[in-house]
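Residue strings, one per chain:
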Amino acid sequence: NLDPGADVMAATGVTGLTRCHDLCVVNDWLIVPISDHPANSKCVIGVFNRQTLALVSATNVTAIEPKINGVCWNTTTQRLVTCNSGTFSSLFRLTLNLSSGAIASDGSIALSLTGGSISIAKGIEYWRGHYWVSDDLRDEVVRIKPDGTGDLNDSPVQFSDSDGASAPGVYGGWCAYK
């Protein structure tokens, strides 16, 4: 598939989608948020067959959150959970129909973080019972409990160079090898 954005635009009628964001794998599918970056005013989540890359389904999630930068699969709740760019106060939960690939809103998880806020989230993963969100501004991966609480000063994964100084850069999506 040379142009997944064109596939989801054709399926949904949403135009101007230019960027694929941090994806996740659920069974035989790749779940990919695609937005009109840098405007961040529209977002569609495409579900693709991970072997053929053919589009299975596409859902316009703009009304839920147009700035989705990453999506993960919570194996405990069997829900997709997203993070977004800009300072945000919630992780959005989505249902995923495991037969059709259809996606629907399922509420949100309010964040209650001590030590500041996440302002440039680029990716999210669910691993070992926590959400792990890459925070580009802080140059680290922040651990958030399933209930949305976390301490930003207790982030176990920080990006640094050989002298221990924070390594600036653009930290995007990531995945935990499971």
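To be clear, the structure that these remarks concern was listed above.
Enquirer: I tried to follow the pairing of strand β11 (residues 121–127) on my own but got confused; where do I start?
Expert: The side chains of a regular strand alternate, residue by residue, between the two faces of the sheet. Burial analysis of β11 places 5 of its 7 residues in the buried class, which makes it a mostly covered element. Pairing of β11 with strand β12 (residues 130–135) involves 6 bridges; the strand directions are antiparallel. Bridging from a neighbouring strand, Ala 121 pairs with Asp 135 of β12. Taking the residues that link successive antiparallel strands as the turn, the β11-β12 hairpin has 2 residues, and the phi of Arg 128 there is positive, at about 50°.

Enquirer: Whenever I open this one, the nonpolar core confuses me. Can you help?
Expert: Soluble globular proteins tend to pack their nonpolar side chains together in the buried interior. With 17 residues, the main nonpolar core has Leu 91, Ile 118, Ile 124, Tyr 131 and Ile 144 as its most contacted residues. Sorting the residues of this core by element identifies β7 (79–84), β11, β12 and β13 (140–144) as the ones contributing at least two each. Per element, the largest residue contribution to this core is 3 residues, and it comes from β11. Ranked by size, the runner-up nonpolar core spans 15 residues in total, among them Cys 24, Val 26, Val 71 and Leu 96.

Enquirer: Just checking my understanding: could you explain the pairing of strand β5 (residues 55–60) for this structure?
Expert: Note: strand β4 (residues 43–49) against β5, 5 bridges, orientation antiparallel. Residue pairing for β5: Val 47 is matched across the bridge by Ser 57. A loop of 5 residues connects β4 with β5, the two strands running antiparallel in sequence, and Leu 53 in this loop sits at a positive phi of about 65°.

Enquirer: Would you explain the packing of aromatic side chains in this entry?
Expert: We describe a pair of aromatic rings using the distance from one ring centre to the other and the angle between the two ring planes. The full count for this structure, using the stated rule, is 2 aromatic pairs. Ring geometry for Trp 127 against Trp 132: centres 5.8 Å apart, planes inclined by 55°, an arrangement best described as tilted.

Enquirer: Honestly, the environment of Trp 73 in this entry has me stumped. Any pointers?
Expert: With respect to the secondary-structure elements, Trp 73 resides in strand β6 (residues 68–74). When its relative accessible area of 10% is taken as the criterion, Trp 73 is described as buried. Sequence separation between Trp 73 and Tyr 131 is 58 residues; the distance between their C-alpha atoms is 9.8 Å. Contacts of Trp 73, omitting those with residues within four sequence positions, involve Cys 24, Val 26, Gln 78, Arg 79, Leu 80, Leu 96, Leu 98 and Tyr 126.

Enquirer: Is there a simple way to think about the environment of Thr 59 in this case?
Expert: Locating Thr 59 in the fold gives a position in strand β5. Relative accessible area serves as the criterion here: at 16%, Thr 59 is assigned to the buried category. Residues Thr 59 and Val 44 lie 15 residues apart in sequence; the distance between their C-alpha atoms is 5.5 Å. Setting aside anything within four residues of it in sequence, one finds Thr 59 in contact with Thr 12, Cys 43, Val 44, Ile 45, Ala 102 and Ile 103.

Enquirer: Just to check I follow, could you spell out the sheet that holds strand β9 (residues 103–110) for this structure?
Expert: In a beta sheet, neighbouring strands pair by backbone hydrogen bonds and run either parallel or antiparallel. Pairing within the open sheet is antiparallel, and its 4 strands lie in the order β6-β7-β8-β9. Two strands bound the open sheet, and with one partner strand each, they are β6 and β9. Averaged over all pairs of adjacent strands, the angle between their axes in this sheet comes to 30°, without regard to strand direction. When β6 meets β7, the two strands line up antiparallel, connected through 6 bridges. Residue pairing in the sheet places Cys 72 in a bridge with Val 81 of β7.

Rules behind the numbers
- Residues numbered from 1 in each chain as written.
- Predicted model: local features only at pLDDT ≥ 70, side-chain atom pairs only at ≥ 80, totals over all residues.
- Heavy atoms only, no water.
- Buried < 20%, exposed > 50% of the residue type's maximum accessible area, 1.4 Å probe, protein only.
- Helix = DSSP H or I, 4+ residues; strand = E, 2+ residues; numbered from the N terminus.
- Pairing = 2+ DSSP bridges.
- Core = buried A, V, L, I, M, F, W, Y, C linked by side-chain atoms within 4.5 Å.
- Phe/Tyr/Trp six-rings, centres within 6.5 Å; stacked < 30°, edge-to-face > 60°.
- Contact = heavy atoms within 4.5 Å.
- Axes fitted to C-alpha atoms, helices over the stretch in contact; angles between N-to-C directions.

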